[in-house]
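# A closer look at the structure
As a plain string of letters, each chain reads:
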Amino acid sequence: MQTIHNYDFSGKKALIRVDFNVPLNENFEITDDTRIQAALPTIKKVLEEGGSPVIMSHFGRPKSGPEDKFSMRHLVGHLSKLLGVEVKLAPDCVGEEVKKMAAALKTGEVMMLENLRFHKGEEKGDEEFAKQLAENGDCWINDAFGTAHRAHASTAVIAKFFPNDKMFGYLIESEVKSLDKVVKDPKRPLTAIMGGAKVSSKITIIENLLSSVDNLILGGGMTYTFVKANGGEVGNSICETDFLDTARNIEKLAKEKGVNLIVATDVLAADDFSENANTKILPANEIPKGWQGLDAGPESIAKFKEVIENSATILWNGPVGVFEIDKFAEGSKAVGEAIVKATEKGAFSLVGGGDSVACVNKFGLADGMSYISTAGGALLEYLEGRVLPGVAAVRGE
Ligand code: AMP
């Protein structure tokens, strides 16, 4: 299999699918360029090896055809600055003129195609559209993990036009490698910490993880659905009464599989969802009306920490409390710190999902994690055990 490490790029036009779906302010200025920064190593590799990058991405959600506010022209200047090379913008992403522009690119020159989603064929995964895109390059590099769970023209279908010239970029390669350290052959014990607001959005992942983890810590708002399912009083805590059977089933499955399932036994309860609330520590199953559990209590935090610090592989998705409010951030902070400690001792730790990443950043713990994934939907689908079309296409599966 060709890889970005062994492929000979000299004199080649390399079509690179990136995820440049960055936020802009009202003056069309980029407010967070993380995704562009993340794609630079791959683009630079092609340049250093004597190739010409032809960059393509979706950007925003144009409804039907070209819209100026979703034009890649808002991004070209910034990319040019970061690369130190003037990036040429194509008038479209397919067609004769674009093909000619791509063919005329000289070594060291960079071109960006116009927004892929200006054409319906992109999201439809249209083969003819994919073929036209493919005409703009000699090889295809997929470096957009964020869209790897979509079978779109540029992320998957295009692969068939490059049977011997397709590969992952650095970003997607490291995402997949890191995820596989958790999903495929983890060092044990493997502990997953799943938090966030609701069980309902995470059932498939939890069920899938039960086949592989040794310890599963379920925290955050999910706690109260489990407590209620066991006959506890949860007061005004967030609780999904339609999912009590699901919670019981998860507990049953955990028992069958020999998974150590850990749910908070005490909580920090508050009489209001705010920084000014009165708070007290309560048993998780004795929360009176008018009170709601918004963070794990000290006994539970101690248990979480002990399990995490004795783990060899750790996956963290979702805060175990309302970390956005300082008063209810203690549990999530403690989880983050325990992961850092375990990582220092040699564990592999992966944090993913928007809220946990925000949480890790809030407490300045990012450097202490082995890998932070920013992939969102694609990450969750991988953890659910699904095949990602953008990954399978490169591997020829
Ligand atoms: P999710 O998007 O499902 O990962 O949920 C993340 C959100 O869950 C965060 O914004 C947290 O503030 C929230 N959350 C965590 N614990 C609780 C709780 N006990 N009650 C209400 N919301 C919570």
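Residues numbered from 1 in each chain as written. Predicted model: local features only at pLDDT ≥ 70, side-chain atom pairs only at ≥ 80, totals over all residues. Heavy atoms only, no water.

### Section: the domain arrangement of the protein chain
By convention, interface size is frequently given as the accessible area that disappears when the constituent parts associate. Basically, it comes down to this: Residue ranges for the domains trace back to a domain assignment, done automatically or taken from a database. Summed over both partners, the accessible area (1.4 Å probe) lost when two parts come together is defined as the buried area. Under the convention adopted here, Pro, Cys and the residues Ala, Val, Leu, Ile, Met, Phe, Trp and Tyr are nonpolar, Asp, Glu, Lys and Arg are charged, and Gly plus all remaining residues are polar.
Domain parsing of the protein chain yields domain 1 (13-172) and domain 2 (186-383). The junction of domain 1 with domain 2 conceals about 460 Å² of combined surface from both sides, 66% of it contributed by carbon and sulfur atoms. By residue class, the composition of the side of domain 1 that touches domain 2 is two nonpolar, two polar and no charged.

### Section: the side chain of Ser80
Note the following rule: In DSSP terms, a helix is any run of H or I states spanning at least four residues, a strand is any run of E spanning at least two, and both are numbered starting from the N terminus. Between two residues, a contact is recorded if the distance between any of their heavy atoms is within 4.5 Å.
Examined against the element boundaries, Ser80 turns out to sit in helix 2 (residues 73-83). Beyond its immediate chain neighbours, meaning those up to four positions away, Ser80 contacts Val85, Glu86 and Val87.

### Brief notes about the pattern of salt bridges
Here is the rule: The salt bridge definition used is simple: a Lys or Arg side-chain nitrogen within 4 Å of an Asp or Glu carboxyl oxygen.
In total, this model carries 19 salt bridges according to the counting rule given. For the salt bridge of Glu96 with Lys99, the shortest nitrogen-to-oxygen distance reads 3.7 Å. Taken together, the positions of Glu96 and Lys99, both in helix 3 (residues 96-103) and three residues apart, correspond to about one turn of that helix. For Glu135, the salt bridge identified is with Lys99, shortest N-O distance 3.6 Å.

### Examining helix 11 (residues 330-344)
To be explicit about the condition: Given a helix with a known number of residues, its expected span is that number minus one, times 1.5 Å. For the exposure calls, accessible area comes from a 1.4 Å probe over protein chains only, and a residue counts as buried if that area is under 20% of its type's maximum, exposed if over 50%, partly exposed in between.
Along its 15 residues, helix 11 runs 21 Å from first to last C-alpha, staying within 8% of the 21 Å computed at 1.5 Å per residue. Buried residues of helix 11: Gly331, Ser332, Ala334, Val335, Gly336, Ala338, Ile339, Val340, Ala342 and Thr343, and no others. In the stretch just after helix 11, Gly346 is the one whose phi turns positive, near 115°.

### Quick look at the side chain of Lys13
Rule in force here: Here Asp and Glu are counted as negative and Lys and Arg as positive; His is not counted, and neither are the chain ends.
Locating Lys13 in the fold gives a position in strand 1 (residues 13-17). Summary of buried charges: Lys13 has no salt-bridge partner, and the nearest side chain of opposite charge, Asp138, is 5.5 Å away. Beyond its immediate sequence surroundings of up to four residues, Lys13 is in contact with Ser52, Val54, Ala102, Ala103, Leu105, Asn136, Gly137, Asp138 and Cys139.

### Considerations on helix 10 (residues 298-309)
With twelve residues, helix 10 should cover 16 Å at 1.5 Å per step; its first-to-last C-alpha distance of 16 Å lies within 8% of that length. Here helix 10 has its buried residues at Ser300, Ile301, Phe304, Val307, Ile308 and Glu309.

### Considerations on the sheet that holds strand 15 (residues 313-317)
Convention followed: At least two DSSP bridges between two strands are needed for those strands to be called paired. To define axes, lines are fitted to C-alpha atoms, for helices over the stretch in contact only, and angles between the resulting N-to-C directions are given on a 0 to 180 degree scale.
Read from one edge to the other, the open sheet built from six strands follows the order 10-8-7-15-16-17, with strand pairing classed as parallel. If you trace the sheet from one side to the other, it starts and ends with strand 10 (260-263) and strand 17 (371-373), each paired once. Across the sheet, the mean angle separating the axes of adjacent strands is 15° when strand polarity is ignored. Pairing of strand 7 (residues 190-194) with strand 8 (residues 215-218) involves four bridges; the strand directions are parallel. Across the sheet, the residue bridging to Ile193 is Ile217, located in strand 8. Running over the sheet, helix 11 touches strand 7, strand 15 and strand 16 (348-352) and is turned about 155° from strand 15.

### Comments concerning the site of the ligand
Stated formally: Here a residue is considered near a molecule or strand provided that any single heavy atom belonging to it is located within 4 Å of it. In protein, a polar contact requires one atom able to donate a hydrogen and another able to accept it; more generally it is a pair of N or O atoms within 3.5 Å, and residues adjacent in sequence count only if both atoms are side-chain atoms. For every accessible area listed, the method is Shrake-Rupley and the probe measures 1.4 Å; residues are considered covered only by the protein chains on display.
Neighbouring residues of the ligand: 14 residues in total, closest Ala197, Lys202, Gly293, Glu324 and Asp355. Ala197 is positioned with one of its backbone polar atoms (N or O) 3.0 Å from an oxygen atom of the ligand. Asp355 places a polar side-chain atom, nitrogen or oxygen, 3.1 Å from an oxygen atom of the ligand. Relative to its unbound accessible area of 510 Å², the ligand is 80% covered by the protein chains. Its residues assigned to classes, the shell around the ligand comprises six nonpolar, five polar and three charged.

### Comments concerning the packing of helix 8 (residues 222-229) against helix 9 (residues 244-257)
Our working rule: Angles below 35 degrees are treated as roughly parallel, those above 145 as roughly antiparallel, those between 65 and 115 as roughly perpendicular, and all remaining angles as oblique.
Following both chains from N to C, one finds helix 8 and helix 9 inclined at 85°, their axes separated by 8 Å at the closest point. As judged from the angle between their axes, helix 8 and helix 9 are roughly perpendicular. Two secondary-structure elements touch here, helix 8 through Thr225, Phe226, Lys228 and Ala229 and helix 9 through Leu244, Ala247, Arg248, Ile250 and Glu251. Residue composition of the contact of helix 8 with helix 9, grouped by class: five nonpolar, one polar and three charged.

### Some thoughts on the sheet that holds strand 4 (residues 110-112)
The strands that make up a sheet pair up through hydrogen bonds in the backbone, lying either parallel or antiparallel. Read across the sheet, six strands follow the order 3-4-2-1-5-6 without closing on themselves; strand pairing throughout is parallel. Lying at the two open borders of the sheet, with one neighbouring strand each, are strand 3 (87-89) and strand 6 (166-168). Taken pair by pair, the neighbouring strands of this sheet meet at an average axis angle of 25°, ignoring direction. As paired elements, strand 5 (residues 139-142) and strand 6 share three bridges and run parallel to each other.

### Considering the pairing of strand 1
Rule in force here: Whether a crossover is right-handed depends on one test, that the path from the first strand over the helix to the second runs clockwise when the strands point away from the viewer.
With five of its five residues buried, strand 1 lies for the most part within the structure. Pairing analysis gives five bridges linking strand 1 to strand 2 (residues 52-56), with the strands arranged parallel. Bridge assignment links Arg17 to a residue of strand 2, and that residue is Met56. Following the chain from strand 1 across helix 1 (residues 34-48) to the adjacent parallel strand 2, one finds a crossover that is right-handed. The sheet contact formed by strand 1 and strand 5 spans four bridges and is parallel. The residue of strand 5 that forms the bridge with Ala14 is Cys139.

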